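# Breakdown of the fold
The primary structure of each chain is shown beneath.
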Amino acid sequence: MSSNNLGTCKTCGKEIAKGVNKCPHCGKDQRSFFGRHKILSFIGILILAGIIGSALGGGEGSSTEDSSATTASAPVKEETVYKVGEVIQADKVEITVTKFEEKDQVGNEFINKEVSEGGTFVAIQYKIKNTSKKPVGMFDYPNVRLVDEEGTEFDADIDASSNYAIETNVDNAKIASDLNPGITVTDTKVFEVSKESFAAGKWFIKVGDEKVQLK
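Residues numbered from 1 in each chain as written. Predicted model: local features only at pLDDT ≥ 70, side-chain atom pairs only at ≥ 80, totals over all residues. Heavy atoms only, no water.

## A closer look at the pattern of salt bridges
Oppositely charged side chains can form a pair if their charged atoms are brought close together. A full pass over the atoms with the stated rule returns eight salt bridges. Two residues, Lys99 and Glu101, come together in a salt bridge whose shortest N-O distance is 3.9 Å. Residue classification places Lys99 among the partly exposed residues on the basis of a relative accessible area of 37%. Arg145 is the partner of Asp155 in a salt bridge, and the nearest nitrogen-oxygen pair spans 2.9 Å. A residue pair is termed long-range when its members are at least 10 positions apart, and Asp155 in the loop between strand E10 (153–154) and helix H3 (158–168) and Arg145 in strand E9 (residues 144–148) qualify at 10 residues. With relative accessibility at 26%, the residue Arg145 sits in the partly exposed group. The structure contains a network of salt bridges with shared partners spanning Arg145, Glu153, Asp155 and Lys206. (Salt bridge = Lys/Arg side-chain N within 4 Å of Asp/Glu carboxyl O. Buried < 20%, exposed > 50% of the residue type's maximum accessible area, 1.4 Å probe, protein only. Helix = DSSP H or I, 4+ residues; strand = E, 2+ residues; numbered from the N terminus.)

## A short note on the sheet that holds strand E13 (residues 210–213)
One open sheet holds the five strands; their spatial order is E3-E13-E12-E9-E10, and the pairing between them is mixed. The outermost strands of the open sheet, each flanked by one partner alone, are strand E3 (81–83) and E10. The pairing of E3 with E13 spans three bridges and is classified as parallel. Directly across from Val81, in E13, lies its bridge partner Lys211. (Pairing = 2+ DSSP bridges.)

Spelled out as structure tokens, the structure:
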């Protein structure tokens, strides 16, 4: 046999014919790992290809996302601030703050309440109109709160609000009854806050998510 057709066994070192699967002397398999394990080799190639493709795809996605974030910033919605007397369209109702005043006492000569030391009463009157086609209960009205320019919210003083309703005699809001479609009523609220703070900054009535500037 020509020497060109001979090789050496990887295990025993004796001469064997090239291309044989096993050494005729020691019986050891002469094939490479990939030759002996074709299925495992194929699976390994698929896994490697998947890892490389995922890495390349993730890089491209990140690049596109970063690019989009850089070139297209989301538009900023300007906050609408209403004035006293302007109509706010809420869900099912319209609300209009018609008046506000600062007071040290609310009520009449028989029933009244004085403000706490260092405080002031911020009293408002507002109209509520049912703009829907069904009766609306008071629990469907948007919340009405006083808020300062830093976003701190203040609830109404219930006693002071009742006394102010007696004083003004304009409060005909529905409490036990629903507000029927097309009907408008007037409600009142009084908030007790620091007199010094109220004098210093801007203050708003917050109706749901909308604001009405008082000062």
